Structure formats: C-alpha cells, structure tokens
Amino acid sequence: MLQEKKFHYNSKSGSSYYFTDEGVYRNSNHWGRAANCRWRLLSLTDGKTNNATAKTGYAKWTDFYPNNETENLFYVEWNTETDAIHFQHKSNPEYDGKAVLRNAAETTKRIQLIKKLFETDNWADYLKYDDVETLRKTITEALITTNKTLQQIKQPFL
C-alpha cells in the first residue's frame, strides 16, 4: 500500500515521510537520533535492524512527545535482563520517577558512560569489591538515579 504512494517529504539524510491525518510513516535506513527527533523502531520480529536495509515505521501524532535540547525531558532506561541501555522521554508511561531527568546532551553522555562499564572490567582495577557484576550494577544504578559523577560513585570502593 505505502509503496504505491508518493512520499510527501524526503530529508537530506535520505529518510522519506508520508503524512496522514492520524500519523506519519517514515522509511529510512537509520533509526535512533535523527535531526531533532528520536525515533525508535520497535520491530515486529526478533531480528536486528540492519542499517543498510531501509525499514518503514509508523507513529501516530498522539505518540510524539515534546522535544528540545535544553529542558530536562529525558532519562536513561536500563533493561537489567539484556543490559540494553535506552534514551527515554519523561512522558513515557513506563517512567517511574526514579531515573534522574536530564537534557538530551547529558542523557547521551550518561548512556555512553554506562555502555563503557559493560564493555570492559578495567575501570574496576583499583577498586575494592567482591564481585564485578554486583559492582557494575551498583554503579550503573547510581549513574541513572543520581547526578553524582562516576568518580563520586566509585569513591566508596577505593
């Protein structure tokens, strides 16, 4: 159906948009942060998104949240079962108020910092702990739920 339609807008980055009264279709080979929007493609299958392959997503107009770069509208969400770290908006109905709200740039920095904790264990070389996984969990939770720096969080373990 959508293939037969002409897209209303083509962005400089190659995404195409088709607008309806109820929402918007986006056809793109890149998902996540796009210009001033943060699109997340929730796949109907368990397959991973291949950035070389274009996928089409749909969002209702009512599903869009207010967005700007300066207000504290965003938080870090951590799936403890998969260790997936996500950028979320405070209007997300699943927001429980525990994660600190930050602006877009600070949220991105926290996500990058947390992801580094999961890539290696060398950050724990000079710390006193019994189990690195327990320490990683403690530090990750603190990075999400406080405004403390990583150094402040690690201080009790020196």
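Every value quoted in this text rests on a predicted model; they were computed, and no experiment measured them.

1. With respect to the side chain of Gln88
Consideration 1: Tracing the backbone shows Gln88 in strand S8 (residues 84-89).
Consideration 2: Residue Gln88 is classed as buried on the basis of its relative accessible area of 12%.
Consideration 3: A polar side-chain atom of Gln88 sits 2.9 Å from a polar atom in the side chain of Glu77.

2. Let's talk about the sheet that holds strand S1 (residues 9-10)
Consideration 1: With antiparallel pairing, the four strands of this open sheet are ordered in space as S1-S2-S3-S6. Of all strands in the sheet, those bounded by a partner on one side alone are S1 and strand S6 (55-60).
Consideration 2: As judged from the six bridges shared by strand S3 (residues 23-28) and S6, these two strands associate in the antiparallel manner. Among the inter-strand pairings, Arg26 is bridged to a residue of S6, identified as Gly57.

3. Overview of unusual backbone geometry
Consideration 1: Despite not being glycine, Asp83 has its phi angle at roughly 60°, a positive value.
Consideration 2: Within the fold, Asp83 resides in the loop between strand S7 (74-79) and S8.
Consideration 3: Of the residues examined, Asp83 reaches a relative accessible area of 33% and is grouped as partly exposed.

4. Side note on the side chain of Ser28
Consideration 1: Looking at where Ser28 falls in the secondary structure, it is placed in strand S3.
Consideration 2: Judged by relative accessible area, which is 2%, Ser28 ranks as buried.
Consideration 3: A polar atom in the side chain of Ser28 sits 2.9 Å from the backbone oxygen of His30.
Consideration 4: Not counting residues within four places of it along the chain, the set of residues in contact with Ser28 comprises Ser15, Thr53, Ala54 and Lys55.

5. Describing the pairing of S8
Consideration 1: Pairing geometry for S7 and S8, over six bridges, is antiparallel. When the bridges of S8 are listed, Tyr75 appears paired with Gln88.
Consideration 2: Between the antiparallel neighbours S7 and S8 lie four residues, among them Asp83 with a positive phi of about 60°.

6. Structural notes on the confidence of the model for the protein chain
Consideration 1: Residues with a pLDDT of 70 or more make up 85% of the protein chain, whose mean pLDDT is 87.
Consideration 2: Across the protein chain, the secondary-structure element scoring lowest on mean pLDDT is strand S4 (residues 32-34), at 56, and the one scoring highest is helix H2 (residues 132-145), at 98.

The rules behind these values
- Residues numbered from 1 in each chain as written.
- Predicted model: local features only at pLDDT ≥ 70, side-chain atom pairs only at ≥ 80, totals over all residues.
- Heavy atoms only, no water.
- Helix = DSSP H or I, 4+ residues; strand = E, 2+ residues; numbered from the N terminus.
- Buried < 20%, exposed > 50% of the residue type's maximum accessible area, 1.4 Å probe, protein only.
- Polar contact = N/O pair within 3.5 Å; in protein donor to acceptor, adjacent residues only side chain to side chain.
- Pairing = 2+ DSSP bridges.
- Contact = heavy atoms within 4.5 Å.
- pLDDT = per-residue confidence, 0-100.

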